[in-house]
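Results of the structural survey
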Amino acid sequence: MKRRTFRLIIVLATLSVFGIVVVQVFWFRQAFGVREVEFDRAARMAIANVSHAILRYNQHPAPATVSVRRIASNDYVAMVNDVIDETLLKTLLRTELEKQNIRVDFQYVIYDCANNEAVYGNYFVFGKEELRPTVAQGFPRMGDNYYFGVRFVNKDLALVGQMRFWVFSSGVLLLVVAFFGYTSFVVFRQKRLAEIQQDFINNMTHEFKTPLSTIAISSEVLKDPTITKSPERLLSYA
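Residues numbered from 1 in each chain as written. Predicted model: local features only at pLDDT ≥ 70, side-chain atom pairs only at ≥ 80, totals over all residues. Heavy atoms only, no water.

Let us now look at the overall build of the protein. Counting its regular elements, the protein contains five helices and six strands. Taken from N to C terminus, the helices and strands of the protein fall in the order α-β-β-α-β-β-β-β-α-α-α. Across the protein, the fraction of contacts at a sequence separation of at least 24, relative to all contacts at a separation of at least 6, is 67%. Summed over its atoms, the accessible surface of the protein is roughly 15,800 Å², and 60% of this surface lies on carbon and sulfur atoms. (Helix = DSSP H or I, 4+ residues; strand = E, 2+ residues; numbered from the N terminus. Contact = heavy atoms within 4.5 Å. Areas by Shrake-Rupley, 256 points an atom, 1.4 Å probe, with all protein chains shown as cover.)

Right under this line is the structure:
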């Protein structure tokens, strides 16, 4: 195979693999975006339900809609405008999140607007049913109302874990890319060795041709019967 043709094949194969990787990354991001939108909708619904339940528990008339704001990628706050019981909040959050099929570790904080400080800040670990005290950071004051904040820890990893098909297909694609890279390396190496071998054979053939050509010419001259009349010439060719 000609060197130019070989290089063209390698370039086209590389472009094809690169194109497949780009398409895979694009659709993976699209699927992740859909998962994130679904998570945001479910999280807002769960937090709104918790807010309504707290108001009903406090025998406070619940508004038609509860203000649930997303202040960061993983952070949500809900305005309650009423005293919030920490034990009740923990129970309601766990229950409502499980109803929405959200099983992600979360941190919750309760803000006391009178003192402008977080009165509770705990980290809930799903699956282990345990609380870890933590410092409430990243939840700014949201006005003169009571409110609670929820931060979903490692949300992105949890969403990726739910995309098993995409993770599997991406892993297979990585194996294909690795195999293609290794195969290309081996092919290039073998081609290089073949070129070195061919160059060696060509050089050795050339080196042999020179003395053999000289011997052939001398033999032809020695076949001439008249050469015996020139002893010096005969000796030289001999």
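Our focus in this paragraph is helix α4 (residues 164–222). Between its first and last C-alpha atoms α4 spans 86 Å; for 59 residues at 1.5 Å apiece the expected length is 87 Å, and the two agree. By the burial criterion, the buried members of α4 are S169, S170, L173, S184, K191, E195, S218 and V221. On its buried face, α4 is in contact with α1 (3–57) and α5 (231–237). (Expected span 1.5 Å × (residues − 1). Buried < 20%, exposed > 50% of the residue type's maximum accessible area, 1.4 Å probe, protein only.)

Bringing the packing of aromatic side chains into the picture now. Across all of its chains, the model carries four aromatic pairs by this definition. Between F26 and W27 the ring centres are 5.3 Å apart and the planes differ by 75 degrees, which places this aromatic pair in the edge-to-face class. Classification of F26 as partly exposed rests on a relative accessible area of 45%. For W27, a relative accessible area of 47% puts it in the partly exposed group. On the basis of an interplanar angle of 45 degrees and a centroid distance of 6.2 Å, the ring pair of F106 and Y108 is categorised as tilted. (Phe/Tyr/Trp six-rings, centres within 6.5 Å; stacked < 30°, edge-to-face > 60°.)

Turning our attention to the pattern of salt bridges. Inspection of every chain in the model, using the stated rule, returns nine salt bridges. With its nearest N and O atoms 3.6 Å apart, the salt bridge here joins R70 to E36. Within this pair, whereas R70 is found in strand β1 (residues 68–70), its partner E36 is found in helix α1, the two being separated by 34 residues in sequence. For K99, the salt bridge is made with E96, and the minimal N-O distance between the two is 3.7 Å. Of this pair, K99 and E96 both sit in helix α2 (residues 86–99), separated by three residues, roughly a single helical turn. Accessibility expressed as a relative area gives 11% for E96, which makes it buried. Put simply, E36, D40, R44, R70 and K155 are held in one network by salt bridges that share partners. (Salt bridge = Lys/Arg side-chain N within 4 Å of Asp/Glu carboxyl O.)

You will see that N101, though not glycine, has its phi angle at about 60 degrees, which is positive. Position of N101 among the secondary structure elements: in the loop between α2 and β3 (106–112). Even without a glycine there, the phi angle at N154 is positive, about 55 degrees. Considering the arrangement of structural elements, one finds N154 in the loop between β6 (147–152) and α3 (155–162).

Right, let's talk about the packing of α1 against α2 for a bit. The relative placement of two packed helices comes down to the angle between their axes together with the axis-to-axis distance. In contact at an axis separation of 9 Å, α1 and α2 are set at 140 degrees when each is read in the N-to-C sense. Viewed along their axes, α1 and α2 adopt a mutual orientation that is oblique. The crossing of α1 and α2 is right-handed. Along the contact surface, α1 presents A46, N49, V50, A53, I54 and Y57, while α2 presents L88, L89, L92, L93, E96 and L97. (Axes fitted to C-alpha atoms, helices over the stretch in contact; angles between N-to-C directions. Parallel < 35°, antiparallel > 145°, perpendicular 65-115°, else oblique. Left-handed = near helix turned anticlockwise from the far one by under 90°.)

Here the focus is the pairing of β6. Residues in a regular strand point their side chains to alternate faces of the sheet. Taking burial as the measure, the six residues of β6 include six buried ones, the bulk of the element. In terms of strand pairing, strand β2 (residues 75–79) meets β6 through five bridges, oriented antiparallel. For Y76, the partnering residue across the bridge sits in β6 and is V150. (Pairing = 2+ DSSP bridges.)

Two elements in contact, α1 and α4, have axes whose closest approach is 11 Å; the angle formed by their N-to-C orientations is 165 degrees. Taken together, α1 and α4 sit at an angle that is classed as roughly antiparallel. Remark: the crossing between α1 and α4 carries left-handed chirality. Facing R3, F6, I10, A13, T14, V17, I20, V21, Q24, W27, F28 and A31 of α1, the residues of α4 in contact are W166, V167, S169, S170, L173, V177, F180, V187, F188, K191 and E195. Here the contact of α1 with α4 is composed, by residue class, of 16 nonpolar, four polar and three charged. (Nonpolar A, V, L, I, M, F, W, Y, C, P; charged D, E, K, R; others polar.)

Another point: the nonpolar core. Counting residues in each nonpolar core, the largest one holds 34 residues, and the members touching the most others are I54, L89, F106, F148 and F152. For this core, the secondary-structure elements that each account for two or more residues are α1, β2, α2, β3 and β6. If one sorts the elements of this core by residue count, α1 sits on top with 12 residues. Ranked by size, the runner-up nonpolar core spans five residues in total, among them V77, M79, V109 and Y111. (Core = buried A, V, L, I, M, F, W, Y, C linked by side-chain atoms within 4.5 Å.)

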